[in-house]
Amino acid sequence: MEKRLIIAIFLASFFMPSHAQGDDFAVWTEANVEKKINSRWSVEGGAELRTRDNSKEIDRWSVGAEASYKFTDWLKFSAGYMLIDDHRYKLNDKGTKYADFWGLRHRVNVSLTASQSFGDLSVSLRERWQYTYRPEMTVARYWLDTNERKDRYEDEYADDHTYSGKGKSVWRNRLMLKYKLTRTFRPYANVESSVASRIEKMRYGVGTEIRLNKHHSLDAKYIYQRYYDDDADEANCHILGVGYTYKF
């Protein structure tokens, strides 16, 4: 029976889209701390670093904090804030000028997570509303053909351009299966959608928690991230993730 449950958890990996030409590869690393205040309240904080372009470039770093409250054994509410600094590359509408810069984003979220255990197998569904605001920012913008433009239009080699502040709401839905294989290993599989006016991206993941002792644990995972938004600036991506958590 246990073997069948383990196999069921990882069947999700066979439904992940296969590698396609042009897909990116990234590494996500994170470190977190968690504190259980009492039987209902807990808080956590953490930092994350992500790469892109076949892991040759830093994509973003972030720091955040979240508080959770358990209504019952099966229903939890949480709210959090995250500060994100990401590396952006933008073209103008004519495709003749580009801007390459780092910019801050502010993100808040509220979530409800329902979970149920069936022996060593647990099933959870998280519904999350997420709002991200990018402040107004003025940056230098350059011609794509820099040598020719610099020779012909010395005063037009670069100019300052202001990108207006912009906010965006997204609804995220995550279904997860997790199995208590041993005291140390807890493999899992999940699928998550991000929806605005339509589905913008999907994440398919498999991994395992590695509980070293009461206070220290690791997380190792693989994620395939697929975009459905034609206006997305990023390519579909294969992601390897590793995390560390300290609980006290």
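All values reported here derive from a predicted model rather than from experimental measurement.

### Observations concerning the pattern of salt bridges
(1) Moving on: Following the criterion strictly, the structure yields 17 salt bridges and no others.
(2) Moving on: For arginine 52, the salt bridge goes to aspartate 53, with nearest N and O atoms at 3.7 Å.
(3) Moving on: Here aspartate 53 falls in the partly exposed class, since its relative accessible area comes to 40%.
(4) Moving on: A single network of salt bridges, built from pairs that share partners, joins Glu30, Asp219 and Lys221.

### Section: the pairing of strand β7 (residues 137-143)
(1) Moving on: Sheet analysis places strand β5 (residues 97-118) next to β7, joined by 2 bridges and oriented antiparallel. Pairing of lysine 97 across the sheet is with tryptophan 143, part of β7.
(2) Moving on: Bridge count for β7 against strand β8 (residues 158-163) is 6 bridges, and the pairing is antiparallel. Directly across from valine 139, in β8, lies its bridge partner histidine 161.

### Section: the packing of aromatic side chains
(1) Moving on: All chains considered together, the criterion is met by 7 aromatic pairs.
(2) Moving on: Arranged with centres 5.2 Å apart and planes meeting at 80°, the rings of tyrosine 69 and phenylalanine 71 form a pair that is edge-to-face.
(3) Moving on: Relative accessible area serves as the criterion here: at 40%, phenylalanine 71 is assigned to the partly exposed category.
(4) Moving on: Between phenylalanine 101 and tyrosine 163, the ring centres sit 5.7 Å apart and the planes meet at 20°, which makes this aromatic pair stacked. Here phenylalanine 101, found in strand β5, pairs with tyrosine 163, found in strand β8; they are 62 residues apart in sequence, far enough to count as distant.

### Here we look at the environment of glycine 80
(1) Moving on: For glycine 80, the location among the structural elements is in strand β4 (residues 75-91).
(2) Moving on: Assessed through its relative accessible area of 13%, glycine 80 is described here as buried.
(3) Moving on: In this structure the C-alpha to C-alpha distance between glycine 80 and glycine 64, which are 16 residues apart in sequence, comes to 7.3 Å.
(4) Moving on: Beyond its immediate sequence surroundings of up to four residues, glycine 80 is in contact with Ala65, Glu66, Arg107, Val108 and Asn109.

### Concerning the side chain of arginine 50
(1) Moving on: Within the secondary structure, arginine 50 is located in strand β2 (residues 41-52).
(2) Moving on: Overall, the relative accessible area of 11% leaves arginine 50 in the buried class.
(3) Moving on: Reaching out from arginine 50, the side chain makes a polar contact with the side chain of glutamate 48 at a distance of 3.1 Å.
(4) Moving on: Excluding anything up to four places from it in sequence, arginine 50 contacts Val27, Trp28, Glu57, Ile58, Asp59, Arg60 and Arg203.

So, how was this worked out
Residues numbered from 1 in each chain as written. Predicted model: local features only at pLDDT ≥ 70, side-chain atom pairs only at ≥ 80, totals over all residues. Heavy atoms only, no water. Salt bridge = Lys/Arg side-chain N within 4 Å of Asp/Glu carboxyl O. Buried < 20%, exposed > 50% of the residue type's maximum accessible area, 1.4 Å probe, protein only. Pairing = 2+ DSSP bridges. Helix = DSSP H or I, 4+ residues; strand = E, 2+ residues; numbered from the N terminus. Phe/Tyr/Trp six-rings, centres within 6.5 Å; stacked < 30°, edge-to-face > 60°. Contact = heavy atoms within 4.5 Å. Polar contact = N/O pair within 3.5 Å; in protein donor to acceptor, adjacent residues only side chain to side chain.

So yeah, pure geometry; function would need other evidence.
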